[in-house]
Amino acid sequence: DELRWGRWISSDADRSVVWTDFRGPSPRTWVFVDGVERPGATVGDREVVAGGAALALNGTRTLHARALRDVVRSIPVLLELFPESLLALSEHKSLSTGTYHEGDMTPLSGSAIHEVVRFR
């Protein structure tokens, strides 16, 4: 039904968080901190949490948002060929500032690019 993915990198490019979150009949979530998968992951609109680490996403700016229907609208024959379920597919790509917290460490700032794709 929905895919959320993203990548955050610290301002000094020494740390990273990568996430993929599938929502639907067989949900699955992966979060990797510095290339190592972290257990107990949850992904939301403003936060990614996994294995004692949390990434807060703020100052979100839309980079790109559209539905497949908008892309093929200028080609009427495609509108007729594609099923309504496929035409409803939409994507929303964003850029955010992000603050990474883990344990007693000093919070780290950085930037994240992330996207939500809805299949229904």
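Refer to the structure presented above.
Small disclaimer: the values here were computed from a predicted structure and weren't measured.

A. Main features of empty space enclosed by the protein. Tallied over the full model, the rule gives one cavity of 30 Å³ or more. Considering only enclosed or pocket space, the largest cavity measures out at about 40 Å³ in volume. Lining the largest cavity are Val17, Val31, Val33, Val48, Val49, Ala50, Ala53, Ala54, Leu55 and Tyr100. Only β3 (28-33), β6 (47-50) and β7 (53-67) provide two or more residues apiece to the lining of the largest cavity.

B. Structural view of the nonpolar core. Membership of the largest hydrophobic core comes to 14 residues, with the highest contact counts inside it found for Trp8, Val17, Trp19, Val31, Val48, Leu55 and Tyr100. Of all the secondary-structure elements, those providing two or more residues to this core are β2 (16-23), β3, β6 and β7. The element that contributes the greatest number of residues to this core is β7, accounting for three residues.

What counts and how
- Residues numbered from 1 in each chain as written.
- Predicted model: local features only at pLDDT ≥ 70, side-chain atom pairs only at ≥ 80, totals over all residues.
- Heavy atoms only, no water.
- 1 Å grid on protein atoms, 1.4 Å probe; cavity = no way out; pocket = protein on both sides within 12 Å on 5 of 7 lines; lining within 4 Å.
- Points joined across faces, edges and corners; volume = space filled by probe spheres on them.
- Helix = DSSP H or I, 4+ residues; strand = E, 2+ residues; numbered from the N terminus.
- Core = buried A, V, L, I, M, F, W, Y, C linked by side-chain atoms within 4.5 Å.
- Buried < 20%, exposed > 50% of the residue type's maximum accessible area, 1.4 Å probe, protein only.

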